[in-house]
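# Remarks on the overall topology
The lines below spell out each chain.
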4 protein chains.
Amino acid sequence: MKAEKFIGYQKLLSSITVECQKIDDIGNVASYIPELHHIDPNKLGVHLTTIDNQNFSFGDSTEKFSIQSISKVLALALAIELEGDNLWNRVGVEPSGTAFNSLVQLEYENGIPRNPLINAGALVICDILISHLKKPKYDFLEFTRNISENPNLNYNSKIAESEKLAGFRNASLINLMRSYGNINNDINIVLDFYFNLCSIEMSCQELAHEFLFLASDGINPVTNQRIVSSRRSKRINAIMLMCGFYDEAGEFSFKVGLPGKSGVGGGIIAIYPGNYSIAVWSPKLNKKGNSYKGMKVLESFTTKTRSSIF
Amino acid sequence: MKAEKFIGYQKLLSSITVECQKIDDIGNVASYIPELHHIDPNKLGVHLTTIDNQNFSFGDSTEKFSIQSISKVLALALAIELEGDNLWNRVGVEPSGTAFNSLVQLEYENGIPRNPLINAGALVICDILISHLKKPKYDFLEFTRNISENPNLNYNSKIAESEKLAGFRNASLINLMRSYGNINNDINIVLDFYFNLCSIEMSCQELAHEFLFLASDGINPVTNQRIVSSRRSKRINAIMLMCGFYDEAGEFSFKVGLPGKSGVGGGIIAIYPGNYSIAVWSPKLNKKGNSYKGMKVLESFTTKTRSSIF
Amino acid sequence: MKAEKFIGYQKLLSSITVECQKIDDIGNVASYIPELHHIDPNKLGVHLTTIDNQNFSFGDSTEKFSIQSISKVLALALAIELEGDNLWNRVGVEPSGTAFNSLVQLEYENGIPRNPLINAGALVICDILISHLKKPKYDFLEFTRNISENPNLNYNSKIAESEKLAGFRNASLINLMRSYGNINNDINIVLDFYFNLCSIEMSCQELAHEFLFLASDGINPVTNQRIVSSRRSKRINAIMLMCGFYDEAGEFSFKVGLPGKSGVGGGIIAIYPGNYSIAVWSPKLNKKGNSYKGMKVLESFTTKTRSSIF
Amino acid sequence: MKAEKFIGYQKLLSSITVECQKIDDIGNVASYIPELHHIDPNKLGVHLTTIDNQNFSFGDSTEKFSIQSISKVLALALAIELEGDNLWNRVGVEPSGTAFNSLVQLEYENGIPRNPLINAGALVICDILISHLKKPKYDFLEFTRNISENPNLNYNSKIAESEKLAGFRNASLINLMRSYGNINNDINIVLDFYFNLCSIEMSCQELAHEFLFLASDGINPVTNQRIVSSRRSKRINAIMLMCGFYDEAGEFSFKVGLPGKSGVGGGIIAIYPGNYSIAVWSPKLNKKGNSYKGMKVLESFTTKTRSSIF
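Because the structure is predicted, anything quoted here is derived from the model rather than measured.

Rules used in this analysis
- Residues numbered from 1 in each chain as written.
- Chains lettered and ligands numbered in written order.
- Predicted model: local features only at pLDDT ≥ 70, side-chain atom pairs only at ≥ 80, totals over all residues.
- Pairing = 2+ DSSP bridges.
- Helix = DSSP H or I, 4+ residues; strand = E, 2+ residues; numbered from the N terminus.
- Axes fitted to C-alpha atoms, helices over the stretch in contact; angles between N-to-C directions.
- Contact = placed C-beta atoms within 7 Å.
- Least-squares fit on C-alpha atoms with pLDDT ≥ 70 in both.
- Domains from an automatic or database assignment.
- Nonpolar A, V, L, I, M, F, W, Y, C, P; charged D, E, K, R; others polar.

All names here are of chain B. Reading across the sheet, the 5 strands line up as E3-E2-E10-E9-E8 and stay open at both edges, with antiparallel pairing between neighbours. Each end of this open sheet is capped by a strand with a single partner; those strands are strand E3 (55-59) and strand E8 (260-262). On average, each strand axis in the sheet is tilted by 5° relative to the strand beside it, whichever way the strands run. In the packing of helix H13 (residues 292-304) onto the sheet, the strands contacted are strand E2 (45-50), strand E9 (267-272) and strand E10 (276-281), and the crossing angle to E10 comes to about 145°.

Rendered as structure tokens:
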């Protein structure tokens, strides 16, 4: 990996982002809780970190936002290390098809969620973490801080509380799984942990740093710390590609060509294995629940730099 | 209605019941809570009350058992009087098809249950009752006592508690409906009320007396008290016929030919409009969740007496 | 049964029908084939026949129309006599829930349709008839003519051909059932038979006469000819009540309170066991596919005459 | 790309294949048609071709077998060139979730299949090809021959005929899609074309050569002929990764880490973009319908050579 490989990235990122700032924004900011709804919809930031620690930023790249579902990947990374491959007895690795039938599939498949990145799967991951961790919320936050040696990561408890008040659908999912015996801990504790986990805030810069280990075979290349094994790093990337974008995974895998994960707060992280991690943020979501401009920026950038795993 | 019409009923009931006692019992006693599981599986009782108050009994007809889902009909009868026809905006009157897809249908139909006799529908009815009643548990019990002027009706709080501990699937349903805005009261209060309601205990004799008003156009013919309007009495009977036996409504409507409702405690009530109500009890359930011998007794009795609405 | 019981029926029928003629008609005439689409939407007829052969008519009661799905009941009546109770191994007796999932349920239930009145079930019935009859189309027509001693009943082959050209969904259903081994004869022959069967034309008068045997325990009371056994007459009535009105069976069972069957041509037959059969016809269909004014006429008439099985 | 990169591949392929020959074979040869059922279950072959035309083989690598669903990728490659991106109005690019609900999803999504590699999607692709090609069967065969300059590729008409006789489920799918207007040509012609297409036979060697263009950005690197554009080559690879292995796509993407496609004849093709194509063949299928030993060979080989897109 040589530095010149990335010459021109800064210029390209800037011009693409400027262009995306101009286009009409389709879609809507998430509105089911006030904390997400009141975000300035015009925010747009991007940050790219290479595995040899070159950094390229543009726009609102240092402003924190709620990473929401993106944190499911971090939860999986920790759970897989603590529980080992037994974890796959309780959650699958296959795409979930359309969103509409999450409850249907849970019923047919006896309470085993299709993958760890849909809500049901993430709830099982949370249940597993609670079984392993002494102080789940504290320990998980420490884990996320250690990954990128960033002490400034925190939950937003106000968001977590709001989510809880609106979280009837998640309560429905977890009760259903409990009826099949796939939840071991107290339901309210698992839900509380889950909503806190989704409330973590990061800037694009922090997000790119946090996920860099997945571009580098499981090792944070800046600190040389191994976060997950090489094999599990591959598995996590594979799961992100298959399941990271709700009902738009196929579209994303083609247009962007990289594994990644989006959150309802408007953030997206994408990984180019062996090369870089890139985080974008723009709050307005398309109909599938993924950041409209975030996907535009990534599509344009990966096309122009010919970054694609395919 | 003349007395001679029912000549021979006692002899027939006795001989049918004796015969049913002899046959091998297929199926199993409900086992999801210990209170139901530990019932003597050989219990068998039957009681018939005509609208001119003739009574015929056999077997364990004065022993109380948990009427379970049968109480959903009483809840409906009260809710329909309190809420009026607006009730039908929140719950349907159509059969639910197979049991397997209760959650599926709730999803497609935006949280509106198909009918008031499936669990989801009964939870909505409970929510409506709570909105109307000052002391829901007390008031509902009074309502059931008044119907048949029977002060000996009571909840079994031990059963209600057991149900609550095993009630994850109902918690899943109610949370899903809440996410669609079809539950207005606190979820835990509605669940508590629902489980108490299902825990009411009656003997066959009490059950037949309690439901006699549905054989008499909404009036208890013994006390001359109107419980529901004539029109609503018909509607409740129609709903029982369509929806009263889970996935076996069609089978029951043919074999027995009367509207009715079964409970997981092994009880069944059936109504011959203009003639009589009949209650049977035998704890072992067939695969569809209805009392195996209870259905046998009813099928044999209605066939031999040519009681059928068809 | 005495004649005076029906005094006033003619006057009532006339006044109800006149009133229904005045109300705005909601809904649309079936449009998937031109032969049904070009019907005069203002047609309205009604005919009632009592089991002692009193007849009351009003409006367009002697004009023939396409009875469509109503003929499924006649096919069932013949099949049940030819095949006996083995028939129930190949088709169920339970309501189908919502229309949307006919294919779903066929998949889950291994190609066994829920009941004989949905399309899939009627196709199985047709397959059974073909296995039994030497000249299926000829023999079935003879059967329908014999029931009411009416030689003027005929298929409308032009309608049958049009249906066939638009019948992809039925072709999908029958192929799916064939893949599960629940169709024995050549698919094209079964489909041709099915579409012919649905193309039979009757007037309200003819329809009421044709179905009178179901009001009289399986015997045509005019000719004293037994069509089906008493037991099977009850079963057919029970199936009509549970499954005769698509997704509106519960609504019909309450509002009209009688077993019946509708067709997409705008006809409805209803049976008051022990009393009469009544046929109505008005081409505009409500959203559930049942005649809007036809249901209005029946609801008003049965309410005012207190005809209800409940 | 330098030759030394692949040093050791031959030795490795041989040793892995020998080892896989020894292990117990789980699963069963496809049995729904005799032509597939009578294959020797012990066959095992593998062939790898690099983009600089180095070739490595082992076992039964030159014996022809029925490639079955693998040919859906070739049909897509041709259709995408003929129809352009309008094709995506008629078929999606998302994974299909579980196999069980192919008909369900077709119903919900108005006859638009989820992707071109499930049967419903491939039938739409066949319909598109028929609309574009003068002599569809002849022209398509020419297309496949031209890709790898291999005049020895042929349909097996006996297999095609057998498939047709057993093809009721496909007939169900295509009729359903026709009812939604998503099939334009005669159903029997489309089915005939589809079954022929699936009957093409190739050896592992031929298969690896045929698919090499997808490892080389859409150009066959041996002949320097462009088959599809670079952009479409990426899209096809992305679709294979997401949808190429029925209900096991997630498992394959992790274990093998490459896009690929399996067939019920026991063949699998996998693509390492920028490096090589590899074909394996072993007739026994696991429960998900993919070659048991074929997957073993690929998993072992890609793990040991660290070939993975992740």
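Take the relation of the copies chain C and chain B next. Here chain C sits on chain B after a turn of 180° about the axis and a move of 0.0 Å along it, with an RMSD of 0.0 Å. The symmetry that links the two subunits is that of a two-fold axis. A share of 100% of interface residues in chain C that are also interface residues in chain B marks the association as one of identical surfaces.

The subject of this paragraph is the domain arrangement of chain A. Residue and element names in this part refer to chain A. Segmentation of chain A into domains returns domain 1 (3-68 + 200-304) and domain 2 (70-198). Counting residues at the interface gives 32 residues for domain 1 and 32 residues for domain 2. Among the secondary structure elements, those contributing two or more residues to the side of domain 1 that touches domain 2 are helix H2 (34-37), strand E5 (201-202), helix H10 (204-210), helix H11 (230-243) and strand E9 (267-272). Considering each element in turn, the side of domain 1 that touches domain 2 owes the most residues, 6 residues, to H11.

Taken together, the contact pairs 27 residues of chain C with 27 residues of chain B. Only helix H11 (230-243) and helix H12 (249-255) of chain C provide two or more residues apiece to the side of chain C that touches chain B. Element by element, the count of residues in the side of chain C that touches chain B is highest for H11(C), at 7 residues. Per-class residue counts for the side of chain C that touches chain B are 12 nonpolar, 10 polar and 5 charged.

Take the interface of chain D and chain C next. At the junction of the two partners, chain D supplies 12 residues and chain C supplies 12 residues. When residues of the side of chain D that touches chain C are traced back to their parent elements, those giving at least two are helix H4 (102-108) and helix H8 (168-179) of chain D. For the side of chain D that touches chain C, the element with the highest residue contribution is H8(D), accounting for 8 residues. Its residues assigned to classes, the side of chain D that touches chain C comprises 6 nonpolar, 3 polar and 3 charged.

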